[in-house]
Amino acid sequence: DAFEMSSREHSVTLIPGDGIGPEVSEAAVRVVEAAGVRVAWDRVEAGADVCLKYGTPLPDHVLNSIRRTRVALKGPIGTPIAGGFKSANVLLRQSLELYACVRPVKSIPGLPTRFEGVDLVIVRENTEGLYSGLEHRVAPGVVESLKVVTEAASLRIARYAFELARRLRRRSVTAVHKANIMKLSDGLFLECVRRV
């Protein structure tokens, strides 16, 4: 019941982020408060400044807070381009097994767009592939990135996509891959999707 939900206090981890993150996060906090939901915010920091202090942009106490509250509101966290520390976002996904990135895409009536009647949901595996973040310099001027694909993660994301499609009463699921070029890695992914 809506009254019970608004009268009970909820513990939520708040990671304001950096750059515009704190401003965006505080606006979101005000929206939650205006909705009448009582929240005990556990404010923790992640990002570049934290990396200088703890040696990682995502220290254990941040992950422990999220594990305890089981819900987090995270503002944008910058990641250095072409160097620096590992992405806090990728570390967060991998540490908490946040493997499914779900992005609904839907046309809004009255808003002119290039394509009308768009209504789809993109489900992307968020922890493997190039998100593995494994790369090394082979020789001067040559860098190799490893795209790790496992049967377990491929089956897991395929199951998630099909279960979501069923729940949303969707009639089809499309697997996007490059198995014609990456025969082993994307081939394994495609085989797992077909199996599910």
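Everything here concerns the structure above.
Values in this document were obtained by computation on a predicted structure and should not be read as measured data.

What counts, and where the lines are drawn
- Residues numbered from 1 in each chain as written.
- Predicted model: local features only at pLDDT ≥ 70, side-chain atom pairs only at ≥ 80, totals over all residues.
- Heavy atoms only, no water.
- Pairing = 2+ DSSP bridges.
- Helix = DSSP H or I, 4+ residues; strand = E, 2+ residues; numbered from the N terminus.
- 1 Å grid on protein atoms, 1.4 Å probe; cavity = no way out; pocket = protein on both sides within 12 Å on 5 of 7 lines; lining within 4 Å.
- Points joined across faces, edges and corners; volume = space filled by probe spheres on them.
- Nonpolar A, V, L, I, M, F, W, Y, C, P; charged D, E, K, R; others polar.
- Core = buried A, V, L, I, M, F, W, Y, C linked by side-chain atoms within 4.5 Å.
- Buried < 20%, exposed > 50% of the residue type's maximum accessible area, 1.4 Å probe, protein only.
- Contact = heavy atoms within 4.5 Å.
- Expected span 1.5 Å × (residues − 1).
- Arc of directions from axis to C-beta.
- Axes fitted to C-alpha atoms, helices over the stretch in contact; angles between N-to-C directions.

1. Concerning the pairing of strand S7 (residues 142-148)
- Two elements, strand S6 (residues 129-139) and S7, share 6 bridges in a ladder whose sense is antiparallel. Residue pairing for S7: Ala139 is matched across the bridge by Val142.
- Hairpin connection of S6 to S7: 2 residues between the antiparallel strands, including Gly141 at a positive phi of 80°.

2. Focus on the layout of surface pockets
- The calculated volume of the largest pocket comes to roughly 940 Å³.
- Lining the largest pocket are 33 residues, with Val123, Arg124, Glu125, Val176 and Phe189 sitting closest to its centre.
- Contributing elements (two or more residues each) for the lining of the largest pocket: strand S5 (119-125), S6, helix H6 (151-167) and helix H7 (185-195).
- When the residues that make up the lining of the largest pocket are grouped by side-chain class, the tally is 20 nonpolar, 5 polar and 8 charged.
- Considered as a void within the structure, the second largest pocket measures approximately 390 Å³ in volume.
- Considering the residues around the second largest pocket, the lining is formed by 13 residues, among which Lys74, Asn89, Leu92, Arg93 and Leu98 are closest to the centre.
- Top element by residues in the lining of the second largest pocket is helix H5 (residues 88-96). It accounts for 4 residues.

3. As for the nonpolar core
- Counting 12 residues, the largest nonpolar core is built from Ile15, Val44, Ala46, Leu58, Val62, Leu63, Ile66, Ile77, Ala88, Leu91, Leu92 and Leu96.
- Of all the secondary structure elements, the ones that give two or more residues to this core are helix H4 (60-69) and H5.
- If you tally residues by element for this core, the top one is H5, at 4 residues.
- Non-local contacts of Ile15, meaning those with residues more than four positions away in its chain, are made with Ser25, Val44, Ala46, Val62, Ile66, Leu73, Lys74, Gly75 and Ile77.
- Core analysis: the next-biggest nonpolar cluster, separate from the first, contains 5 residues, Leu14, Val29, Val39 and Trp41 among them.

4. Digging into helix H2 (residues 21-34)
- Along its 14 residues, H2 runs 20 Å from first to last C-alpha, staying within 8% of the 20 Å computed at 1.5 Å per residue.
- Those residues of H2 that fall on the buried side of the exposure criterion are Gly21, Ser25 and Val29. In an axial view of H2, the angular spread of the buried residues amounts to 65°, which keeps them on one side of the axis. For H2, the exposed residues lying more than 90 degrees away from the buried face are Glu23, Arg30, Val31 and Ala34.
- Buried-residue contacts for H2 involve strand S1 (9-15), strand S2 (38-43) and strand S3 (72-74).
- Backbone geometry just after H2 places Gly36 at a positive phi near 85°.

5. Notes on the sheet that holds S3
- Strand order in the open sheet formed by 3 strands is S2-S1-S3, and the pairing between neighbours is parallel. Either end of the sheet is taken by a strand with one partner, and the two such strands are S2 and S3. Within the sheet, the average angular offset between the axes of one strand and its neighbour, ignoring direction, is 30°.
- Bridge analysis of S1 against S3 gives 3 bridges, and the strand direction is parallel. Its bridge partner being in S3, Leu14 is matched across the sheet by Leu73.
- Each of S1, S2 and S3 touches H2; the most contacted strand, S2, lies at about 155° to it.
- Contacts from H4 reach S1, S2 and S3 within the one sheet, and its direction differs from that of S1 by about 155°.

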